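The residues making up each chain are set out below.
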2 protein chains.
Amino acid sequence: MNASKEFGMREGERAVELPATPDAGVYFIGRIQTPWKNRKDCPKNARGSDAVCTVELDPRYQDGLKDVETCSHLVLLYWMDKAPRHLVLQVPGHLGAPHGTFALRSPARPNPIAMSVVKLLGVAGNKLSVIGLDCLDGTPLIDIKPYFASTDCVPDAVVGWHRRKS
Amino acid sequence: MNASKEFGMREGERAVELPATPDAGVYFIGRIQTPWKNRKDCPKNARGSDAVCTVELDPRYQDGLKDVETCSHLVLLYWMDKAPRHLVLQVPGHLGAPHGTFALRSPARPNPIAMSVVKLLGVAGNKLSVIGLDCLDGTPLIDIKPYFASTDCVPDAVVGWHRRKS
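Cut-off values and rules
Residues numbered from 1 in each chain as written. Chains lettered and ligands numbered in written order. Predicted model: local features only at pLDDT ≥ 70, side-chain atom pairs only at ≥ 80, totals over all residues. Heavy atoms only, no water. Least-squares fit on C-alpha atoms with pLDDT ≥ 70 in both. Contact = heavy atoms within 4.5 Å. Salt bridge = Lys/Arg side-chain N within 4 Å of Asp/Glu carboxyl O. Buried < 20%, exposed > 50% of the residue type's maximum accessible area, 1.4 Å probe, protein only. Disulfide = S-S within 2.5 Å. Helix = DSSP H or I, 4+ residues; strand = E, 2+ residues; numbered from the N terminus. Phe/Tyr/Trp six-rings, centres within 6.5 Å; stacked < 30°, edge-to-face > 60°.

Undergrad: Explanation requested: the relation of the copies chain A and chain B in the structure shown.
TA: Two chain copies, one operation linking them: a rotation about an axis together with a shift along it. At an RMSD of 0.0 Å, chain A and chain B line up after a rotation of 180° and a shift of 0.0 Å along the axis. Given the turn and translation reported, the copies of this chain are related as if by a two-fold rotation axis. With an isologous cut-off of 70% or more, the 100% of interface residues of chain A that recur at the interface of chain B puts this contact in the isologous class.

Undergrad: Before we go on, may I ask you to explain the pattern of salt bridges in this structure?
TA: Opposite charge on two side chains permits them to pair, given that their charged atoms come into close proximity. The tally for this structure, following the rule as stated, stands at 18 salt bridges over all chains. Two residues, Lys 82 of chain A and Asp 81 of chain A, come together in a salt bridge whose shortest N-O distance is 3.7 Å. Exposure remark for Asp 81 of chain A: the relative accessible area of 27% places this residue in the partly exposed category. Each member of the salt-bridge network shares a partner with another, and the members are Arg 109 of chain A together with Asp 143 and Lys 145 of chain B.

Undergrad: Can you walk me through the state of the cysteines in this structure?
TA: Between two cysteines, a covalent bond joining their sulfur atoms is known as a disulfide. Considering all chains together, one arrives at one disulfide over all chains under this definition. With a sulfur-sulfur separation of 2.4 Å, Cys 153 of chain A is cross-linked through a disulfide to Cys 153 of chain B. Here Cys 153 of chain A, found in the loop between helix H2 (149-152) and helix H3 (160-165), pairs with Cys 153 of chain B, found in the loop between helix H2 (149-152) and helix H3 (160-165), and the two come from separate chains. On the basis of relative accessibility, which here comes to 15%, the residue Cys 153 of chain A falls in the buried class. You can see Cys 42 of chain B has no disulfide; the closest cysteine sulfur is in Cys 135 of chain B, sitting 7.1 Å from it.

Undergrad: Please explain the packing of aromatic side chains as it appears in this structure.
TA: Centre-to-centre distance and the angle between the planes together describe a pair of aromatic rings. All names here are of chain B. Applying the stated criterion to the full structure yields two aromatic pairs over all chains. With centroids separated by 6.4 Å and ring planes inclined at 45°, the aromatic side chains of Phe 28 and Trp 79 adopt a geometry described as tilted. Taken together, the residues Phe 28 in the loop between strand S2 (24-26) and strand S3 (30-33) and Trp 79 in strand S5 (residues 73-79) connect sequence positions 51 residues apart. Taken individually, Phe 28 and Trp 79 each receive the classification buried, so the pair is uniform in this respect.

Here's what the structure looks like:
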């Protein structure tokens, strides 16, 4: 897969040489079913759509869902397997200037792990119905966590560079 | 390393056989310096301490920090490399009854990736000073993301099983 070909490389972007070997391995524990088959169809962010998506967990891990149905919201981690991993400066298409990868939620990052907070509609067997995703259909799932408002919610958080753009 | 020996296995817990090989690889992009050298010293959760911790990014990725200093809060992902990965039902020591791994924030999970929302105090070179961590000193860092209140903050989120315990 030539990921960088699909994503291209814009003026002002910068790439680094990645280590020769990874330090640890992740298991894909399921897949996420969404309505979006191509990158251009995906919402710009996770609040850009009310589409109901389905998280299908590998049945091997199904016992791990006990009590998940009592959660109103979940944190999902998933693997953006189409994204290049070597960019440290990126120019998002709708923003026009380079930003550091770690100041962006772009899928292109050394470890292409996306984090989304989703609303849980229901659990049936090994399938979860959720709202609040923006990823491609078939994206590999790597974790499900309960969302705790006490530790995860910061209403007055600010992303300064982004606020100045909008 | 016999991780399950340190963590033990309590009555009511259940383990699964993991896949023979991982599906993807992660790079450790830095290390987190905290005051806690042993598990028993770590705070129970990320709001359990106001200790200032240092995130030291591999200099290779330092350009990726551009504009991070304008963020009041960050999402950190890190690798809980001491945790067993095969538990699907767990009995947290202070709770007493088994819960599904995906209803817990325990480090023991198929992909031992922790997510914490931290307050950023400052950036100096490749080092970030933050408040809001509860992990062991030397924990490998795998990602830094800007925290957007618009998508990441859900003040009325509920973890039902946990509320009933407290």
